[in-house]
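This is what each chain is made of:
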Protein chains: 2
Amino acid sequence: MAGRKARGAGSGAGITSRDVAKALNISQSTVSRAFTPGASISPALRDRIFAAAEKVGYRPNLLARGLIAGKSNLIGVVLARQTNLLYPELLYELSGRLAERGYQVLLFPIGDAASVQDAINRIWSFRVDAVLATGVLDEAAVSAFEQHGLPLVMFNRVFDLPISSVSCDFAAGARDLATRLLKAGHRDIGLVGGPEGSFVGAEVERGVRAALAGWADARLSVAHVDYRYESAAEALKLLRREDGGLPGALLCVNDTVAAGCLDQLRGTLGRTVPGDVSVVTFGGFGPARWQSYRLTGMQQPMDQMTDAAIELLVGRIADSQSGVERRSFLPVFMEGDTAAI
Amino acid sequence: MAGRKARGAGSGAGITSRDVAKALNISQSTVSRAFTPGASISPALRDRIFAAAEKVGYRPNLLARGLIAGKSNLIGVVLARQTNLLYPELLYELSGRLAERGYQVLLFPIGDAASVQDAINRIWSFRVDAVLATGVLDEAAVSAFEQHGLPLVMFNRVFDLPISSVSCDFAAGARDLATRLLKAGHRDIGLVGGPEGSFVGAEVERGVRAALAGWADARLSVAHVDYRYESAAEALKLLRREDGGLPGALLCVNDTVAAGCLDQLRGTLGRTVPGDVSVVTFGGFGPARWQSYRLTGMQQPMDQMTDAAIELLVGRIADSQSGVERRSFLPVFMEGDTAAI
DNA sequence: CTGAAAGCGCTTACAG
DNA sequence: CTGAAAGCGCTTACAG
C-alpha cells in the first residue's frame, strides 16, 4: 500500500519545473523561460538548466502549457471506418508533417449518428486547436463546429456552407474519364457510384453527365452501392439493361468496388476486360496497381492534398480571422490494363 | 485589431465553469461537482447546471481536469509508416473501443531513428497515460519508456525485456503452415521473410525450422526483403537454386509480398500456382482475399488482439503495479487458391 | 448538499 | 537577465 499515492505513471512522472529550479537554486520561472523559445535568459544558465533537466528527466508538461496558452497543439481528426481503407497513407503523412510543426493528431472515430454528437463533444472538451474531418459529417454536425468557433477543414467533401475544404476535383476527373470513353467509341456507360447521398458519387455523376451532354446518342445508367469489394455484384445487377446486356464501360468511384467489378466480369460473368467491357476508377490505392488488376483511371494527388490540408489547418489556427478557403486538386490520369481508351 | 485578445478558437472558446456558476449564482465548485460522476450534489441543482451549461455551450476542459487528476485520458500510439497498410482496421477499432472507456488516441508517427527519440520526448511531454507501439522500436527506445515509468504495450513484437505485449503467434502459425506443406509432399521450401532483424521474420523462420526438424530430406532457403509488393522479384531472385530452379513452396510473411510473388510467378515467370509452386502467407488484409488472389495462409485474429491490447493498456493505467503480461494469439488457417495443401 | 480555498504545472506581465 | 506573483480551468479536501 505504501507509496500508492505517487501521482501519474511512475518513477519520473512527478518531475516539474520546480524540481529543476530547486536543484539549481533558481526560480521556477527561470526554468520555464529556458524552455520558452525566444524568452529572455542567459545562454549559460539555459545550458545548466537543460543539463539539470536532462539529469532528472524533466520535460515541460504540455497540458499545463496548453491550459495557460489557450492552445493545446492538438489537431483533432475525425475518423470514419473506411478512412484508412480509402487513404491508407493519410494518417501517417498528416501526423508526421504536423509533428514537424509542433502539432499532435488526436483521433476521434465516428460510427453511427449518435457517436457523431458524442465525438463533437469530446473534441470540444479536449480543446483541440483545429479539426480535420474525413468521411461523413452532416450539415448539422458541421455547423456545431462553427458554433463552437472550432476551425474545421473537410477532406474530400465540400459543403454549400462556408467551410474550408481540401478535395480532389472528382467532377472534372469524371468528365475527363467519360470523355475518353466517349472518344474511344463507348456510348453506353454505367456509373458505379457511392451510396445514395455520397458527395463523391454526386460529383462524379455530375462530371459524367457534363461529358455526355455533347453526345446525343450516349446513355448513362447509375448504380448506388457502398464502397465495398463485395458490392460489385449488386452494382452489376442494377446496371443490367432490360435485354440483359451490360454497359460497355463501367466508371467506378473507387478502387475497391472497381476491383470487385473486374473480378465479377472476368470471373462469374465470363467477360473479357477491356475487350468486352472497359472499367475505369478513381483511386491510387496500392493493390489497384498490382499486376492482376492494374486499373485504368484517375489518381488523387494525395501528397498535395495532405499538404494543403495542413496549410489550411495551421493557417486558421494562426489567424482565426482567416477566411474560408476551398482547395480543389485535379486528379491525374493513370494508365492501366482495364480500359480500351 | 480590436478583440484579437479573445483566447482560443472563437465564440464559445472561453466559457468556463465560472461562467456557468455566475449565471446561476452558485459557486464554481458546485458546477464542477455537477460534472464529476459520483460527486455529492442535489439532482435538481445538477439538472439546472446541465441546462445552463447547454445553453451557454459549456463543456469541462479535459486538459485542466487532466492536470489536476494526474491523468490525461490520452493513449499514445506509436505509428510506423506501414502500420496502416499491415493493419488497416487497427486504428479505427482501437480508437473506437478506447473512446467507449473514455480514452482518446494521440498519434506519434515515427520514421528514422532520430524521430524515435523525438517521439518519445513528445509522448512524455503530453503526459499520455499509456502507449501502444506498433512497428519498429529498439530496446533502447523501449527502455526509455520504462525509465519514465510509462506503461507500454507492444503490438506484434515481443522483447526479452519485461515489456507487455500482444501478438500473433507467428512461430506456431508458421510451424502449422510448414507442416501442411510437408505433408502435402513439399520438400523444398522458400521463406520470404521480413527485413533482416525483423521480429516477425525471425519468429516465422523459427516455426518453419521446427516443422522441418522431423523431415530429414526437407530443405529451407530464406530471403530477407522488405514488406513491399515490389520486393517479390528480388525475393524470388534470392531464392533461386544454383540449377536455376525455384522452391516448390513459398512461405511469405505478409500478404503484400505474397501477392507480389504470386504475380511474379504467374506473370513474368510463367509458372502456375498452385500447380508448379504453392504460395502461403500471413495476413487477412482485404485485397489478399479478392478473387484474383485468394491467398492461402494464416489469418491474425485482429479483433481479439485489439481487445487484448485495450485490456492491457487500461489495466496498467488502473493499477500501475500490475505486472508485465504477454498475450499471444494463434492465427487461424485460411483456405485459398494458392497452395496444394 | 454547498462554498471558500488551495493547488495541479505551467506562462507571462511586472519589478528590480 | 532574474524572481515573486497572478492566473489558466479545473478538482478536492475541508468546513459549515
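Below or above, wherever it landed, is the structure these notes cover. Treat the numbers as computed from the prediction; the structure is a model and nothing was measured.

## Concerning the protein's contact with DNA strand C
Contacts to DNA strand C come from 26 residues, most closely from A:Gln28, A:Ser32, A:Arg65, B:Thr30 and B:Ile68. B:Ser29 is positioned such that a nitrogen or oxygen atom in its side chain is 3.2 Å from a base nitrogen of DNA strand C. Taken together, the residues of the surface near DNA strand C sort by class into 10 nonpolar, 11 polar and 5 charged.

## A word on the interface of chain A and chain B
How big an interface is tends to be reported as the loss of accessible area on association of its parts. Listed by partner, the interface residues are 64 residues for chain A and 64 residues for chain B. Contact with chain B buries surface across chain A, with A:Leu63, A:Tyr92 and A:Trp290 losing the most and accounting together for 14% of the total. Applying the counting criterion to the chain A and chain B interface returns 2 salt bridges. We note a salt bridge from A:Arg81 to B:Glu93, for which the minimum N-O separation is 2.2 Å. At the junction of chain A and chain B, the tally comes to 27 residue pairs in polar contact (both at pLDDT 80 or more). Breaking the side of chain A that touches chain B down by element, the ones donating at least two residues are α4 (62-69), β1 (74-79), α5 (83-86), α6 (90-100), β2 (104-109), α7 (113-125), α8 (139-148) and α12 (255-266) of chain A. Bridge analysis of β2(A) against strand β2 (residues 104-109) of chain B gives 3 bridges, and the strand direction is antiparallel.

## Focus on the packing of aromatic side chains
Any pair of aromatic rings gets described here by the distance separating the centres and the angle formed by the planes. In the structure shown here, the tally under the stated rule is 15 aromatic pairs over all chains. Note on B:Tyr87 and B:Phe155: the rings are 5.4 Å apart at their centroids and 80 degrees apart in plane angle, and the pair reads as edge-to-face. Residue B:Tyr87 is located in the loop between α5 (83-86) and α6 (90-100), and its partner B:Phe155 is located in strand β4 (residues 152-155); the two are separated by 68 residues in the primary sequence. B:Phe155 shares its class with B:Tyr87; the two are buried. Here the aromatic cluster, defined as three or more aromatic residues joined through ring pairs, consists of A:Tyr229, A:Trp290, A:Tyr293, B:Tyr229, B:Trp290 and B:Tyr293. B:Arg127 extends its terminal NZ or CZ atom over the ring of B:Trp124, reaching a point 4.8 Å from the ring centre.

## Considering α6(B)
Residue and element names in this part refer to chain B. Counting buried positions over the 11 residues of α6 gives 9, a clear majority of the element. For α6, every residue scored as buried is listed here: Leu90, Leu91, Tyr92, Glu93, Leu94, Ser95, Arg97, Leu98 and Ala99. Two residues or fewer after α6 comes Gly102, characterised by a positive phi angle close to 90 degrees.

## A closer look at the pattern of salt bridges
Residues and elements named next belong to chain B. Tallied over the entire structure, the rule returns 36 salt bridges over all chains. Here Arg206 makes a salt bridge to Glu203, at a shortest N to O gap of 2.9 Å. With a gap of 3 residues between them, Arg206 and Glu203 both fall in helix α10 (residues 199-212), about one helical turn apart. Arg327 is paired through a salt bridge with Glu325; the nearest N and O atoms lie 2.8 Å apart. Residue classification places Arg327 among the partly exposed positions, given a relative accessible area of 23%.

Rules behind the numbers
Residues numbered from 1 in each chain as written. Chains lettered and ligands numbered in written order. Predicted model: local features only at pLDDT ≥ 70, side-chain atom pairs only at ≥ 80, totals over all residues. Heavy atoms only, no water. Near = heavy atom within 4 Å. Polar contact = N/O pair within 3.5 Å; in protein donor to acceptor, adjacent residues only side chain to side chain. Nonpolar A, V, L, I, M, F, W, Y, C, P; charged D, E, K, R; others polar. Contact = heavy atoms within 4.5 Å. Buried area = accessible area lost by both parts, 1.4 Å probe. Salt bridge = Lys/Arg side-chain N within 4 Å of Asp/Glu carboxyl O. Helix = DSSP H or I, 4+ residues; strand = E, 2+ residues; numbered from the N terminus. Pairing = 2+ DSSP bridges. Phe/Tyr/Trp six-rings, centres within 6.5 Å; stacked < 30°, edge-to-face > 60°. Buried < 20%, exposed > 50% of the residue type's maximum accessible area, 1.4 Å probe, protein only. Lys NZ or Arg CZ within 6 Å of the ring centre and 35° of its normal.

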